[in-house]
Amino acid sequence: MEDKMGSECEGPEMSLVCLTDFQAHAREHLSKSTRDFIEGGADDSVTRDDNIAAFKRIRLRPRYLRDVSEVDTRTTIQGEEISAPICIAPTGFHCLVCPDGEMSTARAAQAAGICYITSTFASCSLEDIVIAAPEGLRWFQLYVHPDLQLNKQLIQRVESLGFKALVITLDAPVCGNRRHDIRNQLRRNLTLTDLQSPKKGNSIPYFQMTPISTSLCWNDLSWFQSITRLPIILKGILTKEDAELAVKHNVQGIIVSNHGGRQLDEVLASIDALTEVVAAVKGKIEVYLDGGVRTGNDVLKALALGARCIFLGRPILWGLAYKGEHGVKEVLNILTNEFHTSMALTGCRSVAEINRNLIQFSRL
């Protein structure tokens, strides 16, 4: 494995005009092991690739002769206003691609006026992330550990630090079969700052902390609800059956997600699973989506199918690898500007005007 894990997060001046440009730059400048960690999917990466391809099977139905001189991309999630329905998904180990890691990510999210979900596997401490962006809207993503006391302590820390929601990841009771990481033995070279025993104050190697609870069940959600007043969002739901159970167990939101195709391969693309999840919750809770969003049209399509907002994973890491905080800002600005254009060209003056009539499915 190469000694250099990532880039210096300051790239040469060049014109990157779309999210795939940032991907190409990252592929060229990151070490092989880091590149594989970010890009890799589970098994044959069928779902990872289909997350992107599925958006291209949807066609737009624009409406014209509407006054689009003013287009408003603002919306709300869990009652908090965001500048656009484009937020940052939880991904781990940002220090792999940029020295300031999640602190840079948090600053960019704060500047953009959108939500950043901080991962349990953050490479910066929660305290440092909050200090870096004290006014930012932040949620916390939790991998449930078998040690209940550890979960409780972490959740209480998160709540005291001003995080506004708890996002519980459901789709990783065991780790997916990520062939590149196995070949590169990457996990032995990563450390965690926040997921640590209450009796220890030091960072712990990732491979020692991978035991995520394999016994977490629906009835366990009431324990989390009893120890926090934060809204609880469930991440990783792909079926109407689980969506109905989420509503039954009084959670506040769902992120339709297949973990970027990194867990169980050959499941539905996120955008393909969105429709049945939205139908199942019947408007009772908010539904979000991550996976495969690369253009403003993709954002529009997700909202047309009922997502409240989308969350970006890999593109944020590409931005970090390019120019740290400023690279993430560029990624967010490009996608937001594309979304603004998509809204104008389909006749939508506000997010509320985006609806199912704007799209149709097409077999390519």
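About the criteria used
- Residues numbered from 1 in each chain as written.
- Predicted model: local features only at pLDDT ≥ 70, side-chain atom pairs only at ≥ 80, totals over all residues.
- Heavy atoms only, no water.
- UniProt positions renumbered as here; feature names shortened; annotations may be inferred.
- Helix = DSSP H or I, 4+ residues; strand = E, 2+ residues; numbered from the N terminus.
- Buried < 20%, exposed > 50% of the residue type's maximum accessible area, 1.4 Å probe, protein only.
- Contact = heavy atoms within 4.5 Å.
- Areas by Shrake-Rupley, 256 points an atom, 1.4 Å probe, with all protein chains shown as cover.
- Core = buried A, V, L, I, M, F, W, Y, C linked by side-chain atoms within 4.5 Å.
- Right-handed = clockwise from strand over helix to strand, strands pointing away.

- For the protein chain, the name recorded in an unreviewed UniProt entry is (S)-2-hydroxy-acid oxidase, with Mandrillus leucophaeus as its organism.
- Looking at the Sequence similarities (unreviewed entry) heading of the UniProt record, one finds this comment for the protein chain: "Belongs to the FMN-dependent alpha-hydroxy acid dehydrogenase family."
- Recorded in UniProt under Cofactor (unreviewed entry), the annotation for the protein chain is "FMN".

1. Observations regarding the overall build of the protein chain
- When you go through the protein chain residue by residue, the secondary structure sums to 13 helices and 14 strands.
- Across the 364 residues in the protein chain, those meeting the buried criterion constitute 55%.
- For the protein chain, restricting intrachain contacts to residue pairs at least 6 apart in sequence, the fraction spanning at least 24 positions comes to 72%.
- Here the protein chain displays about 15600 Å² of accessible surface, and carbon together with sulfur accounts for 48% of that area.

2. A look at the environment of Lys323
- The topology assignment puts Lys323 in helix α13 (residues 314-346).
- For Lys323, a relative accessible area of 12% puts it in the buried group.
- In sequence terms Lys323 and Val97 are 226 residues apart; their C-alpha atoms lie 9.7 Å from each other.

3. Topic: the nonpolar core
- Ranked by size, the top nonpolar core spans 113 residues in total, and within it Trp139 and Leu312 carry the most contacts.
- Ranked by the residues each element gives to this core, the list is headed by α13, at 13 residues.

4. A closer look at the pairing of strand β12 (residues 286-290)
- With respect to burial, β12 is a largely interior element, five of its five residues being buried.
- Both faces of β12 are covered, namely the face carrying Glu286, Tyr288 and Asp290 and the face carrying Val287 and Leu289.
- You can see the chain leave strand β11 (residues 253-256), run along helix α11 (residues 270-281) and come back into β12, and the turn it takes is right-handed.

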